[in-house]
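# A look at the structure
Chain by chain, the residues:
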Amino acid sequence: MLRKFDYPWLLLKRSLWLILPIAGIGMAENKLGNQRCTNLVISIEGDSGTRFLNQMDVRMLVTENGADPLLGSRLSDVALNDLEHRVRRNKLIRKCQVYRDLKGNVVVEVEQERPLARWINTSENGEMRNSSGYYISDEGVFFPLSDSYSARTLLVSGSFFNDPEKLKTTKGASLMELLRFLNADPFWKAQIAQLDADKDGEIHMMTVLGDQRIEFGAAENYESKFNKLKMFYNKILSQDWSRYKKISIKFQNQIVCE
């Protein structure tokens, strides 16, 4: 049993266990706040090989093209949220986090957008009108092309892609699932060169091997349509890839060729 005079000492020890860490954190924060920015550390994440932006591009965004250099600034005066907003204004960037470390660095971590497809402006007969266009991310976000890098991805065309809001509809959700499937399946990713969707969501595809035009119909039930098409490839087209120029798998349980 503890004696009465032991209680104050026990209470003091417990209080010290609480006070000392808090005091230590306060001293560290005060030291960090008075510290000067010694370096700007930039990390860029994204799909392997994709480089829409380089470190200098991000540095220019963070520093407002050099107008706010940050180096030498007191860390307590650096508005981290403002720096994040500066970087996020660039549509090629999906996420950005800015923080300071104990070494006096301002650290900028950037995640690039992930291109799932690239929309190209074409005429009614399929000819490219100009070099304008945009990328579509795996989340259905439209973002601009890069002046310094062109991602190798599926080309899409057609008036359905003129309105970003259409990708939020039921037809748009099915089309996005189809695009993700084409991007993930090694065979179809290599075989489908371009996908065209008209204003009603009716799809035509152009192939690489055989140079066929595939009348696909709506994006719904795309997996069963591709299974049917692959069976047709293996049994018929594998003997002569140039035998047909147009293949329709639009209707259930039938394939029409020309």
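To start, this report covers the structure provided alongside it. (Residues numbered from 1 in each chain as written. Predicted model: local features only at pLDDT ≥ 70, side-chain atom pairs only at ≥ 80, totals over all residues. Heavy atoms only, no water.)

### A few points about the pattern of salt bridges
As a reminder of what qualifies: A carboxyl oxygen of Asp or Glu within 4 Å of a side-chain nitrogen of Lys or Arg is what we treat as a salt bridge. Under the scheme used here, helices are H or I runs from DSSP no shorter than 4 residues and strands are E runs no shorter than 2 residues, and both carry numbers assigned from the N terminus. Residue burial is assigned from relative accessible area. The probe radius is 1.4 Å, only protein chains are included, and a residue is buried under 20% of its type maximum, exposed over 50%, and partly exposed in between.
Under the definition given, this model contains eleven salt bridges. Residue arginine 88 pairs with glutamate 84 through a salt bridge whose shortest N-O separation is 3.5 Å. Here arginine 88 and its partner glutamate 84 are both found in helix H3 (residues 80-88), four residues apart, which amounts to about one turn of the helix. On the accessibility criterion, glutamate 84 (11% relative accessible area) is buried. Between arginine 94 and aspartate 138 there is a salt bridge whose closest N-O contact spans 2.5 Å. Taken together, the residues span a long stretch of sequence, with arginine 94 in strand S2 (residues 93-100) and aspartate 138 in the loop between strand S5 (128-137) and strand S6 (142-144) at a distance of 44 residues. For arginine 94, a relative accessible area of 17% translates into the label buried. Under the relative-accessibility criterion, aspartate 138 is labelled partly exposed at 25%.

### Observations regarding the side chain of arginine 86
The line we're drawing: Any N or O atom pair separated by 3.5 Å or less is treated as a polar contact, with the protein-specific requirement of one donor-capable and one acceptor-capable atom, and with residues adjacent in sequence counted only for side-chain atom pairs. For this analysis, residues touch if any pair of their heavy atoms sits within 4.5 Å.
With respect to the helices, strands and loops of the structure, arginine 86 is situated in helix H3. The exposure class assigned to arginine 86 is buried, which follows from its relative accessible area of 14%. At a separation of 2.5 Å, a polar atom in the side chain of arginine 86 contacts the main-chain carbonyl oxygen of valine 62. Once residues within four sequence positions are removed from consideration, arginine 86 is found in contact with Leu61, Val62, Thr63, Glu64 and Asp68.

### Description of the nonpolar core
Stated formally: Working definition of a nonpolar core: buried Ala, Val, Leu, Ile, Met, Phe, Trp, Tyr and Cys residues. They are joined through side-chain atoms within 4.5 Å.
By size, the foremost hydrophobic cluster in this structure holds 34 residues, and its most contacted members are Phe161, Leu178, Leu182, Leu195, Met205 and Phe226. Those elements that provide at least two residues to this core are strand S4 (115-122), S5, strand S7 (154-157), helix H4 (170-184), strand S8 (192-197), strand S9 (203-207), strand S10 (213-217) and helix H6 (222-235). It is H4 that provides the largest number of residues to this core, a total of six residues. Leaving out residues up to four positions away in the same chain, phenylalanine 161 has contacts with Trp119, Tyr134, Ile136, Phe142, Val156, Leu175, Leu179, Leu195 and Ala197. Among the nonpolar cores identified, the runner-up in size contains 23 residues, and Val78, Leu83, Leu92 and Val110 belong to it.

### So, the side chain of serine 146
Topologically, serine 146 is positioned in the loop between S6 and S7. Classification of serine 146 as buried rests on a relative accessible area of 15%. One polar contact links the side chain of serine 146 to the main-chain carbonyl oxygen of phenylalanine 52, over a distance of 3.3 Å. Those residues in contact with serine 146 that sit more than four places away from it in its chain are Phe52, Leu92 and Tyr135.

### Some words on the sheet that holds S2
Condition: In this description, strands pair whenever DSSP reports at least two bridges between them. Every axis corresponds to a line fitted to the C-alpha atoms, with the helix fit spanning only the stretch in contact, and the corresponding angles, defined between N-to-C directions, vary from 0 to 180 degrees.
Taken together, the three strands give an open sheet; going across it, the order is S1-S3-S2, and neighbouring strands pair in mixed fashion. Each edge of the open sheet carries a strand with a single partner, namely strand S1 (39-45) and S2. Geometrically, the sheet is characterised by an average inter-axis angle of 15 degrees between neighbouring strands, direction not taken into account. Here helix H2 (residues 55-62) sits on the sheet and contacts S1, S2 and strand S3 (105-112); the angle it forms with S1, its principal contact strand, is near 125 degrees. Seen against the sheet, H3 touches S2 and S3 and runs at an angle of roughly 155 degrees to S2.

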